[in-house]
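# Survey of secondary and tertiary structure
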Amino acid sequence: MKTLSFIFLFSLIFSCDSPAQKKEHKSGQEKEFTITKSDAEWKAALTPMQYNVMRRGGTERAFSSPLDKHYESGTYVCAACKTPLYESENKFDSGTGWPSFDRVIEGNVAFEKGGNAYMGIEEHCATCGSHLGHVFNDGPKATTGKRHCINGVALEFVPRK
């Protein structure tokens, strides 16, 4: 019985159909985007951290982005294709260690339900498919109630003129 339990547990953990396997194979390229590049082109265009986050769905370390506490007036754009994603007036300090916004620029961010309720709904750039972060329902109640928790390496800031 112990052996049978061990085999069951082992197969469950290392199953080819595990969420980890699905995550690795899931890329924004399943959908058609205006800007498309090969994997080699994305690797050449992005830093290693940007590539891991934006093309592989990774997450940067909390409190590591200078954009977390950045409050200058302007627009946050996709680091891969420069599509405007978030406005500075919609940014707030969530205390999570990642830049957070209560809303997106409509039409420029795509949403994909992930397999994990804890991780929230995944956000991608609607132009190039790059992974940005996740949206949760624990944002400011006075506005949208949403917290768009975004990896700073997926963003570039363009100051308002």
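Residues numbered from 1 in each chain as written. Predicted model: local features only at pLDDT ≥ 70, side-chain atom pairs only at ≥ 80, totals over all residues. Heavy atoms only, no water.

## Considerations on the sheet that holds strand β8 (residues 147–150)
Ordered by their spatial adjacency, 6 strands build an open sheet running β3-β4-β8-β7-β6-β5, and the pairing between neighbours is antiparallel. Edge positions in the open sheet fall to β3 (91–92) and β5 (109–113), since each of these has one partner strand only. As paired elements, β5 and strand β6 (residues 121–125) share 5 bridges and run antiparallel to each other. Considered in β6, the bridge of Lys113 is made with Ile121. (Pairing = 2+ DSSP bridges. Helix = DSSP H or I, 4+ residues; strand = E, 2+ residues; numbered from the N terminus.)

## Description of the layout of surface pockets
For the second largest pocket, the calculated volume is near 220 Å³. For the second largest pocket, the lining is made up of 13 residues, of which Trp98, Met119, His134, Phe136 and Cys149 are closest to its centre. Those elements that place two or more of their residues in the lining of the second largest pocket are β7 (131–136) and β8. With 4 residues, the top contributor of residues to the lining of the second largest pocket is β7. (1 Å grid on protein atoms, 1.4 Å probe; cavity = no way out; pocket = protein on both sides within 12 Å on 5 of 7 lines; lining within 4 Å. Points joined across faces, edges and corners; volume = space filled by probe spheres on them.)

## Concerning the pattern of salt bridges
By the definition in use, this model includes 7 salt bridges. The partner of Lys82 in a salt bridge is Glu156, with the nearest N and O atoms 3.1 Å apart. Within this pair, whereas Lys82 is found in the loop between β1 (74–78) and β2 (84–87), its partner Glu156 is found in strand β9 (residues 155–159), the two being separated by 74 residues in sequence. Owing to a relative accessible area of 42%, Lys82 belongs among the partly exposed residues under this scheme. Within the structure, one salt-bridge network assembled from shared partners comprises Glu87, Glu89 and Arg160. (Salt bridge = Lys/Arg side-chain N within 4 Å of Asp/Glu carboxyl O. Buried < 20%, exposed > 50% of the residue type's maximum accessible area, 1.4 Å probe, protein only.)

## Side note on the pairing of β8
Burial along β8 is two-sided: the face carrying Arg147 and Cys149 and the face carrying His148 and Ile150 are both buried. Of the strand pairs in this sheet, β7 and β8 are connected by 4 bridges, and their pairing is antiparallel. Along β8, the bridge assignment pairs His134 with Cys149.

## So, the nonpolar core
By size, the foremost hydrophobic cluster in this structure holds 23 residues, and its most contacted members are Met54, Cys78, Leu85, Tyr86 and Leu155. Elements that contribute at least two residues to this core include exactly α4 (48–56), β1, β2 and β9. The element contributing the most residues to this core is α4, with 3 residues. Setting aside chain neighbours within four positions, we find Leu155 in contact with Leu67, Tyr76, Val77, Ala79, Leu85, Tyr86, Pro99, Phe101 and Ile150. (Core = buried A, V, L, I, M, F, W, Y, C linked by side-chain atoms within 4.5 Å. Contact = heavy atoms within 4.5 Å.)

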